[in-house]
Every structure is written in C-alpha cells, then in structure tokens.
Amino acid sequence: MHLKKYEVRSISEAMERIRRDLGPDAVILSSRRIGKGASSRIEIVAAMERDEGTAEEASAEKSWRAVGEPGRYAEHGDRWSRIEARLDEMNDRMLSLASKLAFPGKNDERGTPPLYRELLSRGLSRRAAGKLMKIIQDEDLEANAGQDSDRTGDTLKRAIIRSVASCSSGPEGEKRICAFVGPAGEGKTTTLAKFAARILYRDKKSLGIITMDDFRIGAVEQLKIYGDIMNVPVISVPADGSLETALSSFTHLDRVLIDTPGKSRSDGEYVAKLRRSFRESVPVRANLVLSATTGEEAMEDAVRRFRPLEYEKIIMTKIDDAGDYGCVYNVIDLAGRPVTDIATGQQVPRDIRSVDPERIARLVVDREIPRH
C-alpha cells in the first residue's frame, strides 16, 4: 500500500491532488484540521493499494492475454474465441435480415442498415440498437434517414427520446430518504457529496448523511470530511446494522442521504441485508450508481443484482472517462429505469448534471455533454 500525506486548504484541492498523484481508486485513511481561523489547513493521509498478486496469478494472466481472452484458461482460449465469434456472426446475420425486411433498399453493400451501424458506432449494444431500430420502424421515423448525417442524427435522437421517455415515471417530488447503491468503485460516495451540495446550496434544504460503508478503508473519514466542510451531520452505521436509530436523529431535517458499501458479486447476502435494513425503517428510495466505464457484462450483472432494492432511478458516473456514451441508453434499456443524472468529473459540487430524454439523446448521438 502506497501512503501519501497532504496539507490543503479545501477538500476539492485535496481530491484533485490525490486523484492526480494516486489515481481515482485512492482512499482517504485519516484527516484532521491544523490551526484555527483563516490560516487553518486540513491534513489528509491517502492510500493506494498495489496488489502485486501471486506468481501463479501472474503466469495465468500472461497465458490469458496470449489468447486474447482474459479470465479463460489458455488451453481453451482459441476454441472459446471461435465459438463466440460464430455466435456474434449469427446474431449479426439475424439482425441484418430483420433490418432488410424493415428497411428494404436502404442497406449498404454488406447488408447492414446505416442507422444500425450508426447506433453501434456510438457505443450502443446490439440489443439496444435492435430495440431502437424497431421503434424507428414501428413509428415510421425512418423517412429521409440516411440521406445525410443531420437527418440520420435527428432520426436516431427522436427514437432515443421516445424510448427513454417511456421509462420515465413522470415528474415526482424527491423522496426524503435516498440511498446510493451499486458495485464497488462506481463513485457512490463522491456522487452522494455532489447531491448533498446541491440540496444545501441550490435547494436550500437541511440535510443529514448516514454512511453504512464500514468495509472500505477510509470511507467513513471521507464522508466526515465532506460533512465538516458543508457543516452537515454524519452518522456511521454498520453495513448489516439498523438504520432506525440513526434516522431518528434526523427527523428534524428535510433530507437524508445514505452511503452504502460496494461488495463483490461473491457476497450473495449483501443485497438481501441492505433490503432488510431499508424495509425495517421509514421508506428509503434507492438510487443505482453505475460507472460509464463499466463493461456491458458487468453492467448487466449490476442491474440484475441490485433489482431487489427496487431502485427508482440510475446515476451514471465517470462520463468524462468514457469514449462513447451509448452506455447511458444501454443501462436504461436493461433496467427499464431512467438515468436522471450524470457525473462529469471529480469536482464537488459542480461535476453533476441532471438529464432528461432530450439531453440523453444529444449525449448519445451528438456526444454533447450538458454544460449545466
């Protein structure tokens, strides 16, 4: 583990320096205020784990890389690659055939519809692209599409807007108690801090924070630093503990935000424990937090694994690290829930944007990140 000490004037300065020096996965181990008044500073100790792994793991990883299939044994890599390639080819042929029937005379020399190619080029999954192609066909949106890039983009945006709007439940007030859930490393704690700042400074509401993340080193300290900077009370509760006592301390506040730990897939009881904690107290709304850099398979697993928590909306983080933004529509298609906010950087509180169907369409098709 690599440790580094910082003396800074603000938490935003600390986060910027820690991310630059140690990377986005660094954690805060401790913090304390030095001095008083205008000359006071914050001393922070941060760490970055460097897991060298065993010699056997390194050898296996080298073998997996040699066949181009991480996570599969080298002796079966070539065979599995051929099977996957064949399945992909069959899937592409079926989609191409369906599209030819839907859009006769509009396919390229390879038989692939231009609209379908455009969707894939923007990072959409085959499943999501196929769904949008069906919307374009069923709602007769393809007129003049493909004749030039502007008309093609307009067609794709109209299809995305109609699809995303169908997943939205319509305007509704914010729930008083919201929990941020999701896999490890997706940015839940930083996202919670951005929402806390929005509630305090934009909405002018009172706020309390509860952290259940006693698993990650420095997680409680990190939130207490945010709480200290924003003058917000922070209470720590064990991950498998009861929220009732902590919530009873915040009955006088307008809003309560709950940070939860990220656990690996192997902890099958984790989501069930969270569900029990949420249900034994007053109603808690879950917000699923996912990174835009998460792979398609891992994203599908997270959507399915956290579904018992009945999350109502999705927040996408690390948008600034993604090459394409089709992943935003992919997760809406998988979960059947709206993406309502995107995080565009590490700065608290400014790097968070609310999004609606129109903004999502422009993000995916035009690669236009909202500025406000």
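Residues numbered from 1 in each chain as written. Predicted model: local features only at pLDDT ≥ 70, side-chain atom pairs only at ≥ 80, totals over all residues. Heavy atoms only, no water.

Caption draft 1: Geometry of the overall build of the chain. Secondary structure assignment for the chain yields 13 helices and 11 strands. Considering only residue pairs separated by 6 or more positions, the chain has 69% of its internal contacts joining residues 24 or more positions apart. On the chain, roughly 19400 Å² of surface is accessible, and the fraction owed to carbon and sulfur atoms is 48%. (Helix = DSSP H or I, 4+ residues; strand = E, 2+ residues; numbered from the N terminus. Contact = heavy atoms within 4.5 Å. Areas by Shrake-Rupley, 256 points an atom, 1.4 Å probe, with all protein chains shown as cover.)

Caption draft 2: Region of the structure containing unusual backbone geometry. Notably, Lys-204 is not glycine yet its phi reads approximately 60 degrees, a positive angle. Among the secondary structure elements, Lys-204 is positioned in the loop between α7 (188-202) and β5 (207-211). The phi angle at Arg-367 is positive, at roughly 55 degrees, despite the residue not being glycine.

Caption draft 3: View of the pairing of strand β8 (residues 285-291). Counting buried positions along β8 yields 7 of 7 residues, so the element is predominantly enclosed. Alternating residues of β8 divide into Arg-285, Asn-287, Val-289 and Ser-291 and Ala-286, Leu-288 and Leu-290, and every residue in both groups is buried. The pairing of strand β4 (residues 177-181) with β8 spans 4 bridges and is parallel. Paired with Phe-180 across the two strands is Asn-287, which belongs to β8. Direction of pairing for β8 relative to strand β9 (residues 313-317): parallel, over a ladder of 5 bridges. In the sheet register, Ser-291 faces β9, and the bridge partner there is Thr-317. A crossover links β8 with its parallel partner β9, the connecting element being helix α11 (residues 296-305), and its sense is right-handed. (Buried < 20%, exposed > 50% of the residue type's maximum accessible area, 1.4 Å probe, protein only. Pairing = 2+ DSSP bridges. Right-handed = clockwise from strand over helix to strand, strands pointing away.)

Caption draft 4: Quick look at the pairing of β5. In terms of residue burial, β5 counts as a mostly covered element, since 5 of its 5 residues are buried. Because side chains alternate across β5, one face comprises the buried residues Leu-207, Ile-209 and Thr-211, and the other comprises Gly-208 and Ile-210, equally buried. As defined by bridge partners, β5 adjoins strand β7 (residues 255-259) across 5 bridges and the pair is classed as parallel. Considered in β7, the bridge of Ile-210 is made with Ile-258. Bridging between β5 and strand β6 (residues 234-236) involves 3 bridges; their strand directions are parallel. Residue Thr-211 lies in a different strand from β6, and its bridge partner there is Ser-236.

Caption draft 5: Summary view of the sheet that holds β5. With mixed pairing, 8 strands are arranged side by side in an open sheet as β6-β5-β7-β4-β8-β9-β10-β11. Each having just a single partner strand, β6 and β11 (352-354) make up the two edges of the open sheet. With direction set aside, neighbouring strand axes in the sheet form an average angle of 25 degrees. (Axes fitted to C-alpha atoms, helices over the stretch in contact; angles between N-to-C directions.)

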